[in-house]
2 protein chains.
Amino acid sequence: MVDAVLFEFLHTEMVAELWAHEADPDPGPGEQKMNLLVLESMGFRVGQALGERLPRETLALREELDVLKFLCKDLWVAVFQKQMDSLRTNHQALLCPQGTYVLQDSSFPLLVRMASGLQYVEEAPKFLAFTCGLLRGTLSTLGIKSLVTASVAALPACRFQVVVQRS
Amino acid sequence: MVDAVLFEFLHTEMVAELWAHEADPDPGPGEQKMNLLVLESMGFRVGQALGERLPRETLALREELDVLKFLCKDLWVAVFQKQMDSLRTNHQALLCPQGTYVLQDSSFPLLVRMASGLQYVEEAPKFLAFTCGLLRGTLSTLGIKSLVTASVAALPACRFQVVVQRS
């Protein structure tokens, strides 16, 4: 019970600590972006490290879609005690390359608290950056190079877009 | 399996991130102390929040020693997947007030990795500060005001000293 919320509390503190360093109470877009990058890269390294602890059968997943399903199910349960609500490929969208996946969480735990407290969707990115990195880092260890972004339409729902980098 | 190490990885990243902010590769004692205070207060707030999630029967613990036993057993298992190795009261020591407890962990998880990598005990405080705060914060929610310090004799063993503040 306690361990289930430990990650969440720690994440809250990390975000608070990063933004507390702002001398300016209303920091400019440059500082915001730097903090988001710091969170994303922390998430990336944690994701990489988690990826290295995965069972061997996971590392043997050959199909990209199977890897994504693994993230939505096993990784999400391990970190957030719930599964991702949906996974869609986004082949249809114009201008989207093959290998674009949209992961939708209709009640993302790191946004749930915020939904009742803060009222602004603009605040959401700081609660999503770490997890974008976490997805990118885990994918990286599983051999998939990607770009991961997140967006929020209505709190506490959010979606993560994973664009696999071919080459 | 993954969730058991999530806290540990995240803690590693927090420490790395705080020390990465040092412009000077060999920061002075003032900066070190500030970083340790930041970690300790993050731990305090996480401990407070965890404390609020504890089962009601825990909150009803009347005896100070029972609260300390709870930390050594339940809290430690929740956070570190192991129990504290020993709990001693330190009534005997000269100059020590009543209500001093020494919690000994013979293989503290946040020091285990370090024991093989880094060789200097002087590096240890940055891996102990958060947990000192965690203990202090949980105790605070359980109605016990305390000072918590940690020391290392031989890595990866360490001990936490809890001095209860009466009045």
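Up top you'll find the structure we're talking about.
The rules behind each value
Residues numbered from 1 in each chain as written. Chains lettered and ligands numbered in written order. Predicted model: local features only at pLDDT ≥ 70, side-chain atom pairs only at ≥ 80, totals over all residues. Heavy atoms only, no water. Pairing = 2+ DSSP bridges. Helix = DSSP H or I, 4+ residues; strand = E, 2+ residues; numbered from the N terminus. Axes fitted to C-alpha atoms, helices over the stretch in contact; angles between N-to-C directions. Contact = heavy atoms within 4.5 Å. Expected span 1.5 Å × (residues − 1). Buried < 20%, exposed > 50% of the residue type's maximum accessible area, 1.4 Å probe, protein only. Buried area = accessible area lost by both parts, 1.4 Å probe. Salt bridge = Lys/Arg side-chain N within 4 Å of Asp/Glu carboxyl O. Polar contact = N/O pair within 3.5 Å; in protein donor to acceptor, adjacent residues only side chain to side chain. Least-squares fit on C-alpha atoms with pLDDT ≥ 70 in both. Bend = angle between axes of the 7 residues up to and from the residue. Parallel < 35°, antiparallel > 145°, perpendicular 65-115°, else oblique. Left-handed = near helix turned anticlockwise from the far one by under 90°.

Caption draft 1: How the structure looks around the sheet that holds strand E2 (residues 100-105) of chain B. Residue and element names in this part refer to chain B. Pairing in this open sheet of four strands is antiparallel, and the strands run E1-E2-E4-E3 from one edge to the other. Pairing within the sheet leaves two strands with one partner each, and these edge strands are strand E1 (86-89) and strand E3 (146-151). Strand after strand, the sheet turns through a mean of 20° between neighbouring axes, direction not considered. As paired strands, E2 and strand E4 (residues 158-164) are joined by six bridges and run antiparallel to one another. Pairing of Val-102 across the sheet is with Gln-161, part of E4. Sitting on the sheet, helix H4 (residues 64-80) touches E1, E2 and E4, and the angle it makes with E2 is about 20°.

Caption draft 2: Highlighting helix H2 (residues 29-52) of chain B. Under the 1.5 Å per step criterion, the end-to-end length of H2 of chain B is 34 Å for 24 residues, consistent within 8% with the ideal 34 Å. Regarding H2 of chain B, the residues found buried are Asn-35, Val-38, Leu-39, Glu-40, Met-42, Gly-43, Phe-44, Val-46, Gly-47, Ala-49, Leu-50 and Gly-51 of chain B.

Caption draft 3: How the structure looks around the interface of chain A and chain B. At the junction of the two partners, chain A supplies 26 residues and chain B supplies 26 residues. Across the chain A/chain B interface, buried area totals approximately 2,700 Å², and carbon plus sulfur atoms make up 78% of it. Sorting the residues of chain A by area buried against chain B places Leu-6, Leu-10 and Arg-53 of chain A first, and these three jointly supply 24% of that buried surface. Run the count over chain A and chain B and you get two salt bridges. Of the charged contacts in the structure, one is a salt bridge between Arg-45 of chain A and Glu-13 of chain B, with a shortest N-O distance of 2.6 Å. Between chain A and chain B we count two residue pairs in polar contact (both at pLDDT 80 or more) in total. Going through the elements one at a time, helix H1 (2-20), helix H2 (29-52) and helix H4 (64-80) of chain A are the ones with two or more residues in the side of chain A that touches chain B. For the side of chain A that touches chain B, the leading source of residues is H1 of chain A, giving eleven residues.

Caption draft 4: Structural context of unusual backbone geometry. Following Leu-155 of chain A, the chain continues into Pro-156 of chain A via a peptide bond in cis, with omega recorded as 0°. At Gln-81 of chain B, a residue that is not glycine, the phi angle is positive and equals roughly 60°. Residue position: Gln-81 of chain B is located in the loop between H4 and E1.

Caption draft 5: Quick look at the environment of Phe-127 of chain A. Residue and element names in this part refer to chain A. Mapping Phe-127 onto the fold places it in the loop between helix H5 (109-117) and helix H6 (129-141). Relative accessible area serves as the criterion here: at 13%, Phe-127 is assigned to the buried category. A C-alpha to C-alpha distance of 8.3 Å links Phe-127 and His-11, two positions 116 residues apart in sequence.

Caption draft 6: Representation of the environment of Glu-13 of chain A in the model. As for its placement among the helices and strands, Glu-13 of chain A is situated in helix H1. Look at Glu-13 of chain A and you get buried, because its relative accessible area is 10%. Here Glu-13 of chain A is in contact with Met-42, Arg-45 and Val-46 of chain B, once residues within four sequence places are set aside.

Caption draft 7: Quick peek at the relation of the copies chain A and chain B. Superposition record for chain A on chain B: RMSD 0.0 Å, screw rotation 180°, translation along axis 0.0 Å. This pairing of chains is accounted for by a two-fold axis. Residues of chain A ranked by C-alpha distance from the rotation axis are headed by Phe-7 of chain A, positioned 3.1 Å from it.

Caption draft 8: Representation of H4 of chain B within the structure. All names here are of chain B. With 17 residues, H4 ought to run about 24 Å at 1.5 Å a step, and its terminal C-alpha atoms sit 22 Å apart, in line with that. At Leu-71, H4 is deflected by roughly 35°, the largest bend along its length. The positive-phi residue at the C-terminal boundary of H4 is Gln-81, with phi of around 60°.

Caption draft 9: Quick peek at the pairing of E2 of chain B. Residue and element names in this part refer to chain B. With five of six residues buried, E2 lies mostly within the body of the structure. Taken together, the four bridges between E1 and E2 define a ladder with antiparallel strand orientation. Paired with Ser-86 across the two strands is Gln-104, which belongs to E2.

Caption draft 10: Representation of the sheet that holds strand E1 (residues 86-89) of chain A in the model. All names here are of chain A. What the four strands build is an open sheet, ordered E1-E2-E4-E3; its pairing is antiparallel. Strands at the two margins of the open sheet, each flanked by one partner only, are E1 and strand E3 (146-151). Across the sheet, the mean angle separating the axes of adjacent strands is 20° when strand polarity is ignored. Two strands pair when backbone bridges link them, and E3 and strand E4 (residues 158-164) are joined in this way by six bridges, in the antiparallel orientation. From the neighbouring strand, Ser-146 faces E4, where its bridge partner is Val-164. Contacting E1, strand E2 (100-105) and E4, H4 runs over the sheet at an angle of about 20° to E2.

Caption draft 11: Up close: the packing of H4 of chain B against helix H6 (residues 129-141) of chain B. All names here are of chain B. Where H4 meets H6, the axes come as close as 11 Å, and the angle between the chain directions of the two elements is 125°. Between H4 and H6, the interaxial angle falls into the category oblique. In the crossing of H4 with H6, the sense of the turn from one axis to the other is right-handed. In contact with Val-67, Leu-68, Leu-71, Leu-75, Trp-76, Val-79 and Phe-80 of H4, H6 contributes Thr-131, Leu-134, Leu-135, Thr-138 and Leu-139.

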